[in-house]
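A structural walkthrough
Residues per chain, in single letters:
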Amino acid sequence: QQPVQSPQAVILREGEDAVINCSSSKALYSVHWYRQKHGEAPVFLMILLKGGEQKGHDKISASFNEKKQQSSLYLTASQLSYSGTYFCGTVSGGGGSNYKLTFGKGTLLTVNP
Amino acid sequence: DARVTQTPRDKVTEMGQEVTMRCQPILGHNTVFWYRQTMMQGLELLAYFRNRAPLDDSGMPKDRFSAEMPDATLATLKIQPSEPRDSAVYFCASGRQGFEQFFGPGTRLTVL
């Protein structure tokens, strides 16, 4: 079952913050976040494993609440280069040998000057 | 810089023709994935392999699609016969089990 992302689209001015949410109806083993720019391939941002660990690099971070089966991606002090479509991908169940990612429909983020 | 390569990058064909897409995963990666992306459905997993063995192809229409890994450096996705509804961007991705997936540039398929 496909995870649900919200919002579907968001428009920011450079320097503003944004939060993108991803929720699943299934118990999750891990959540993966990718960004895709128009006409390009998705690019990996980060993985969060069961355990509620928050990860981040630069001004992009994410959290994973396994009890609620939700993950959130936080973009702070957004830059023009952050524009693109953000996808969460989920691995459900116990993980183990299951590497099957199910992607949400994506959140289109536009950062304007 | 190690990258996943895909050929062809663009393919225009007529309904009923066979289409073969090729992917060279990153050396050392033991999992290979095929995805299809459309505006309506988003990114859908078609099939994936681990150590060249097919693990899951439940996302693939079995009557016309087939995926293989004849060796560790080549994965193929074949559509026969192709239909207009198969028009999409097809991505191959590779990774080490459980970790990040590296996507290739994609093959844009148009079936007329």
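For the structure itself, consult the block above.
Here is a short report on the structure shown in this document. (Residues numbered from 1 in each chain as written. Chains lettered and ligands numbered in written order. Predicted model: local features only at pLDDT ≥ 70, side-chain atom pairs only at ≥ 80, totals over all residues. Heavy atoms only, no water.)

**So, the packing of aromatic side chains**
Stated formally: What counts as a ring pair is set by centres within 6.5 Å for rings of Phe, Tyr and Trp (its six-membered ring), and what kind of pair is set by the plane angle: stacked under 30 degrees, edge-to-face over 60, tilted for all other angles. Put simply, DSSP marks the helices as runs of H or I at least four residues long and the strands as runs of E at least two long, and each gets a number from the N terminus on.
Taken as a whole and judged by the stated rule, the model has 10 aromatic pairs over all chains. Look at Tyr34(A) and Phe44(A): their rings are 5.7 Å apart centre to centre, the planes differ by 75°, and that puts the pair in the edge-to-face class. Residue Tyr34(A) is located in strand E4 (residues 28-36), and its partner Phe44(A) is located in strand E5 (residues 43-49); the two are separated by 10 residues in the primary sequence. Here the aromatic rings of Phe33(B) and Tyr48(B) are separated by 5.2 Å at their centres, their planes lie at 20°, and the arrangement is stacked.

**Quick look at the interface of chain B and chain A**
Where the parts come together, the accessible area they lose is often given as the size of the interface. Formally: The contact criterion used throughout is that any non-hydrogen atoms of two residues lie within 4.5 Å. Put simply, buried area is the surface a 1.4 Å probe can reach on two separate parts but cannot reach once they are joined, added for both. Any Lys or Arg side-chain nitrogen found within 4 Å of a carboxyl oxygen on Asp or Glu counts as a salt bridge. Think of a polar contact as two N or O atoms within 3.5 Å of one another; within protein, one of them needs to be a possible hydrogen donor and the other a possible acceptor, and neighboring residues in sequence only count if both atoms come from side chains. Any residue that is not Ala, Val, Leu, Ile, Met, Phe, Trp, Tyr, Cys, Pro, Asp, Glu, Lys or Arg is counted as polar, Gly included; the first ten are nonpolar and the last four charged.
Taken together, the 22 residues of chain B in the interface contact 17 residues of chain A. Here chain B packs against chain A, burying approximately 1,600 Å² in sum over the two surfaces, 56% of which is carbon and sulfur. When the buried area of chain B at its contact with chain A is split by residue, Leu43(B), Gln101(B) and Phe103(B) rank highest and sum to 28% of it. Counting every contact that joins chain B to chain A gives one salt bridge. Measuring nitrogen to oxygen at the nearest pair gives 3.2 Å for the salt bridge that ties Asp56(B) to Lys100(A). The interface formed by chain B and chain A contains five residue pairs in polar contact (both at pLDDT 80 or more). Looking at the side of chain B that touches chain A, the elements with two or more residues in it are strand E4 (31-38), strand E5 (42-50), strand E6 (53-56) and strand E10 (101-103) of chain B. Considered class by class, the residues forming the side of chain B that touches chain A number 11 nonpolar, eight polar and three charged.

**Here we look at the pattern of salt bridges**
All names here are of chain B. We count it as follows: Burial classification: accessible surface area is computed with a 1.4 Å probe over protein chains only, and a residue below 20% of its type maximum counts as buried, one above 50% as exposed, and the rest as partly exposed.
Under the counting rule described, the total for this entry stands at six salt bridges over all chains. Residue glutamate 44 pairs with arginine 36 through a salt bridge whose shortest N-O separation is 3.3 Å. For glutamate 44, a relative accessible area of 24% puts it in the partly exposed group. Between arginine 64 and glutamate 83 there is a salt bridge, with the nearest N and O atoms lying 3.5 Å from each other. Highlighted residues: arginine 64 in the loop between E6 and strand E7 (65-71) and glutamate 83 in the loop between strand E8 (74-79) and strand E9 (88-95), separated in sequence by 19 residues. With a relative accessible area of 7%, arginine 64 lands in the buried category.

**So, the pairing of E5(B)**
All names here are of chain B. To be explicit about the condition: One requirement defines pairing of two strands: DSSP has to find at least two bridges between them.
Burial of E5 is extensive: seven of the nine residues sit out of reach of the surface. Relative to E5, E4 runs antiparallel, the two being bridged by eight bridges. The residue bridging arginine 36 from the neighbouring strand is glutamate 44, located in E5. Counted between consecutive antiparallel strands, the loop separating E4 from E5 contains three residues. If you look at the hairpin formed by E5 and E6, you'll find two residues sitting between the two strands, and asparagine 51 has a positive phi there, around 50°.

**Thoughts on the environment of Val89(B)**
With respect to the element layout, Val89(B) can be found in strand E9. Setting aside chain neighbours within four positions, we find Val89(B) in contact with Tyr35(B), Arg36(B), Gln37(B), Gly106(B), Thr107(B) and Arg108(B).

**Considering the layout of surface pockets**
Our working definition: Residues are said to line a cavity or pocket when one of their atoms sits within 4 Å of a point; the points come from a 1 Å grid over protein atoms alone, cavities being sets where a 1.4 Å probe fits but cannot get out and pockets being open sets with protein on both sides within 12 Å along at least five of seven lines. Grid points are joined across faces, edges and corners, and a volume is the space filled by probe spheres set on the points.
Each pocket or cavity is described by its volume, and for the largest pocket that value is around 930 Å³. For the largest pocket, the lining is made up of 32 residues, of which Gln36(A), Thr85(A), Phe87(A), Gln37(B) and Met39(B) are closest to its centre. Elements represented by at least two residues in the lining of the largest pocket include exactly strand E1 (4-6), strand E9 (84-92) and strand E11 (107-112) of chain A together with E4 and E9 of chain B. Looking at the lining of the largest pocket, its residues break down into 11 nonpolar, 15 polar and six charged. The calculated volume of the second largest pocket comes to roughly 380 Å³. What lines the second largest pocket is a set of 18 residues, among which Ala41(A), Pro42(A), Val43(A), Phe103(B) and Gly104(B) lie closest to the centre. Counting only elements with at least two residues in the lining of the second largest pocket, the list comes to E5 of chain A together with E10 of chain B. Sorting elements by how many residues they give to the lining of the second largest pocket places E10(B) first, with three residues.

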